[in-house]
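Chain residues, written in single-letter form:
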Amino acid sequence: MIKPFHMKNHRFAGKFGLCAALGLIWPTASQAQINITAADMFNQPGQYYRAYSNATNNTNVSVSGMLGNAGGPQLWDFTSGPGDVIYRFDYLAATNAPHGADFVTAGAKVAEQKTDESGAVSQAWLYFAQDAARGRLVYGFYDPDFSASIGGNQAQEDFSSALNDFPATIRYGDAWSSSTTFTNTITFGDPNDPLGGSFSVDLLIAYSATDVVDAYGVANSPAIGFGDCLRVNELVTYDTSADFNDGTGFQHLETDYVRNYLWLRPGRGIVAQVTSQQSSGTPPDENFLTASAVMRMFETNHPDTGGPGTGGGIQGLRLTLGPSGALLQWTALPSVTSYRVEYTTNPGAGWQPVGNTTTANYLVDAAAGKPNTPMRFYRVVGLP
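Overview of the structure. Along each chain, numbering runs from 1 in the same order as the chain's sequence is written. The predicted nature of this model means local features are confined to residues of pLDDT at least 70 and side-chain atom pairs, given and counted, to a pLDDT of 80 or more, with totals for whole chains, interfaces and linings taken over all residues. Derived side-chain values reflect all non-hydrogen atoms in the structure, with water molecules and hydrogen atoms excluded from consideration.

### Considerations on the nonpolar core
Right, on to step 1. Counting residues in each nonpolar core, the largest one holds 48 residues, and the members touching the most others are Trp263 and Val274.
Right, on to step 2. Leu317, Ala326, Val354 and Val380 belong to the second largest nonpolar core, which has 15 residues in total. The set of buried Ala, Val, Leu, Ile, Met, Phe, Trp, Tyr and Cys residues whose side-chain atoms join them within 4.5 Å is what this entry labels a nonpolar core. Exposure is judged per residue with a 1.4 Å probe applied to protein chains only, and the accessible area is read against the type maximum: over 50% gives exposed, under 20% gives buried, and values in between give partly exposed.

This is how it looks when you write it as structure tokens:
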């Protein structure tokens, strides 16, 4: 997914107040079991995904209650949200992508093509390589709309050094930083005017980002279902300087900030992204209520690696309601010796066990479905 440069089913419902059942392999240190690696991200030619988003002329999207809190476990429900635009992201060899020659020379192997399926927004390209030890290395981008937004002359931005924006492995509690610079030129007046009068200003944009994996839990997405996920809290800083070609060199103009929240799932990569509105002088609050962009994945051909043993969902989870309560059933796993079923009435709060641990692949919650029993969320914990 292209991070913004401003100047990146299996739900069981029932009656009687029983809302959903979530089957997860979360041993005792549950957050440590969710690892995002290169295999979970989009970095192979032929991969693609599609995502809902808000229109570019609607940059005041309410995200009240969407971001969640630091820590976990918790549930993020992305099944509803803005869907004015559908973006398609395609991945191909950088040598087969337009505008890619300079990026390939610098080291790019993969090109990400972002397309507004309605055609209202110009195509944008991101050029990168996936390094086994360092993670993703971004060499630059081609984006006519970005250039137009700053009044620049060039749509292609070559980074002064590769931007290592994602490490090779991402876990709960990890933190990292990345930075690079790029330039553009703004021309005032008509350079072809025989009377002259035109002049140009060179811009130097220093991009830096600090990221921390500050939350974990379950993300539920339209059409592709739910699964374990990590939330990345990213603060981006843009320091812009200008050279007026008067012999004084670059002079600092302004500092702008954007905060991104990214939700990463095994086998799905970035399933959701929320971007704050840009602010000058002061970084956006971590609990901002209005976003400039919300993007939600709903279709992909990426292999789902979030299965048993990798931090993904227990398979074959079924829930049946009856007069005696709720029957939860799931597929037995050879790597698990016993199971603990837990419930909560608030996925952002603590979890409580339902009875004792069991070696069977089913359990009956006799309290479910009773008039005085509030809505319950379930998870199944596999114990080694």
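### Regarding empty space enclosed by the protein
Right, on to step 1. Method remark: on a 1 Å grid restricted to protein atoms, a set of points is classed as a cavity if a 1.4 Å probe fits but cannot get out and as a pocket if it is open with protein on both sides within 12 Å along at least five of seven lines; lining residues have an atom within 4 Å of a point. Grid points are joined across faces, edges and corners, and a volume is the space filled by probe spheres set on the points. Within this model, the largest cavity holds a volume of roughly 150 Å³.
Right, on to step 2. Residue lining of the largest cavity: 15 residues in total, with Met41, Phe42, Arg136, Phe166 and Ile270 positioned closest to the centre.
Right, on to step 3. Each residue gets one of three labels, nonpolar for Ala, Val, Leu, Ile, Met, Phe, Trp, Tyr, Cys and Pro, charged for Asp, Glu, Lys and Arg, and polar for the others, Gly among them. Partitioned by chemical class, the residues of the lining of the largest cavity number 11 nonpolar, 3 polar and 1 charged.

### Quick word on the side chain of His302
Right, on to step 1. Secondary structure elements follow DSSP: runs of H or I no shorter than four residues count as helices, runs of E no shorter than two count as strands, and numbering proceeds from the N terminus. Within the secondary structure, His302 sits in the loop between strand S18 (290-300) and strand S19 (318-322).
Right, on to step 2. Relative accessible area serves as the criterion here: at 4%, His302 is assigned to the buried category.
Right, on to step 3. Counting of polar contacts relies on pairs of N or O atoms within 3.5 Å, with two restrictions inside protein: one atom must be capable of donating a hydrogen and the other of accepting it, and residues adjacent in sequence are counted only when both atoms are side-chain atoms. Within polar-contact distance, the side chain of His302 engages the backbone oxygen of Asp40 at 3.5 Å.
Right, on to step 4. By the convention used here, residues are in contact when the closest approach between their heavy atoms is within 4.5 Å. The residues touching His302, leaving out its near neighbours within four places in the chain, are Ala39, Asp40, Met41, Phe42, Gln47, Gly267 and Arg268.

### Comments concerning the sheet that holds strand S23 (residues 362-365)
Right, on to step 1. Strand pairing is assigned whenever DSSP detects at least two bridges linking the two strands. With antiparallel pairing, 3 strands are arranged side by side in an open sheet as S19-S20-S23. At either margin of the open sheet sits one strand with a lone partner, and together these are S19 and S23. When the angles between neighbouring strand axes are averaged without regard to direction, this sheet yields 15°.
Right, on to step 2. Pairing of strand S20 (residues 325-329) with S23 involves 4 bridges; the strand directions are antiparallel. Across the sheet, Leu328 pairs through a bridge with Leu363, a residue of S23. Axis angles are defined between N-to-C directions and span 0 to 180 degrees, where every axis is a line fitted to C-alpha atoms and, for a helix, only to the segment in contact.

### With respect to the pairing of S20
Right, on to step 1. For S19 and S20, the ladder comprises 5 bridges, and the chain directions are antiparallel. Among the inter-strand pairings, Thr320 is bridged to a residue of S20, identified as Leu327.
Right, on to step 2. Hairpin connection from S19 to S20: 2 residues lie between these consecutive antiparallel strands.

### Digging into unusual backbone geometry
Right, on to step 1. The peptide bond linking Gly72 to Pro73 adopts the cis configuration, its omega dihedral lying at 0°.
Right, on to step 2. If you trace the backbone, Pro73 turns up in strand S5 (residues 71-77).
Right, on to step 3. Residues other than glycine seldom take positive phi values, yet Ala223 does so here, at roughly 70°.
Right, on to step 4. Take Ala223: it is sitting in the loop between strand S13 (199-221) and strand S14 (225-243).
Right, on to step 5. We classify Ala223 as exposed; its relative accessible area is 59%.
Right, on to step 6. You will see that Asn245, though not glycine, has its phi angle at about 55°, which is positive.
Right, on to step 7. Secondary-structure assignment places Asn245 in the loop between S14 and strand S15 (250-265).
Right, on to step 8. The exposure class of Asn245 is partly exposed, given its relative accessible area of 45%.

### Quick notes on the pairing of strand S16 (residues 269-276)
Right, on to step 1. Burial analysis of S16 places 8 of its 8 residues in the buried class, which makes it a mostly covered element.
Right, on to step 2. Bridge count between S15 and S16: 6 bridges; the pairing is antiparallel. Bridge pairing links Tyr261 to Val274 in S16.
Right, on to step 3. Connecting S15 to the next strand, S16, in antiparallel fashion are 3 residues, including Gly267 with a positive phi near 80°.
Right, on to step 4. Strand direction decides the pairing type here: S16 and S18, joined by 5 bridges, are antiparallel. Residue pairing for S18: Gln273 is matched across the bridge by Met295.

### So, the packing of aromatic side chains
Right, on to step 1. Whether two aromatic rings pair depends on their centres lying within 6.5 Å, for rings of Phe, Tyr and Trp, where Trp uses its six-membered ring; planes under 30 degrees apart make the pair stacked, over 60 edge-to-face, and the rest tilted. As enumerated under the stated definition, the model contains 19 aromatic pairs in all.
Right, on to step 2. Measuring from ring centre to ring centre gives 6.4 Å for Trp125 and Tyr127, while their planes differ by 20°; the resulting arrangement is stacked. In terms of burial, Trp125 and Tyr127 fall into one category: buried.
Right, on to step 3. Residues Tyr261 and Trp263 carry aromatic rings whose centres are separated by 6.1 Å and whose planes lie at 40° to one another, so their mutual orientation is tilted. A single burial state applies to Tyr261 and to Trp263, both of which are buried.
Right, on to step 4. An aromatic cluster is built from Phe42, Tyr49, Phe89, Tyr91 and Phe128, whose rings are joined through pairwise contacts.
Right, on to step 5. Here the guanidinium or amino end of Arg136 rests over the ring plane of Phe128, the centre of that ring lying 5.1 Å away.
Right, on to step 6. Working rule: Lys NZ or Arg CZ, within 6 Å of ring centre, within 35 degrees of ring normal, means a charge sits over the ring. When the ring centre of Tyr343 is taken as origin, the NZ or CZ atom of Arg376, which lies over that ring, is 3.8 Å away.

### Focus on the pattern of salt bridges
Right, on to step 1. Any carboxyl oxygen of Asp or Glu within 4 Å of a side-chain nitrogen of Lys or Arg constitutes a salt bridge here. Applying the stated criterion across every chain, the model contains 8 salt bridges.
Right, on to step 2. A salt bridge links Arg50 to Glu117, with the nearest nitrogen and oxygen atoms 2.9 Å apart. Here Glu117 lies in the loop between strand S7 (110-116) and strand S8 (124-131) and Arg50 lies in strand S3 (residues 48-53), a separation of 67 residues in the sequence.
Right, on to step 3. With a relative accessible area of 18%, Arg50 lands in the buried category.
Right, on to step 4. The salt bridge partner of Arg88 is Asp90, with a shortest N-O separation of 2.9 Å.
Right, on to step 5. Residue class for Arg88 comes out partly exposed when judged on its relative accessible area of 27%.
Right, on to step 6. One continuous salt-bridge network, built from bridges that share partners, spans Arg50, Glu117 and Glu299.

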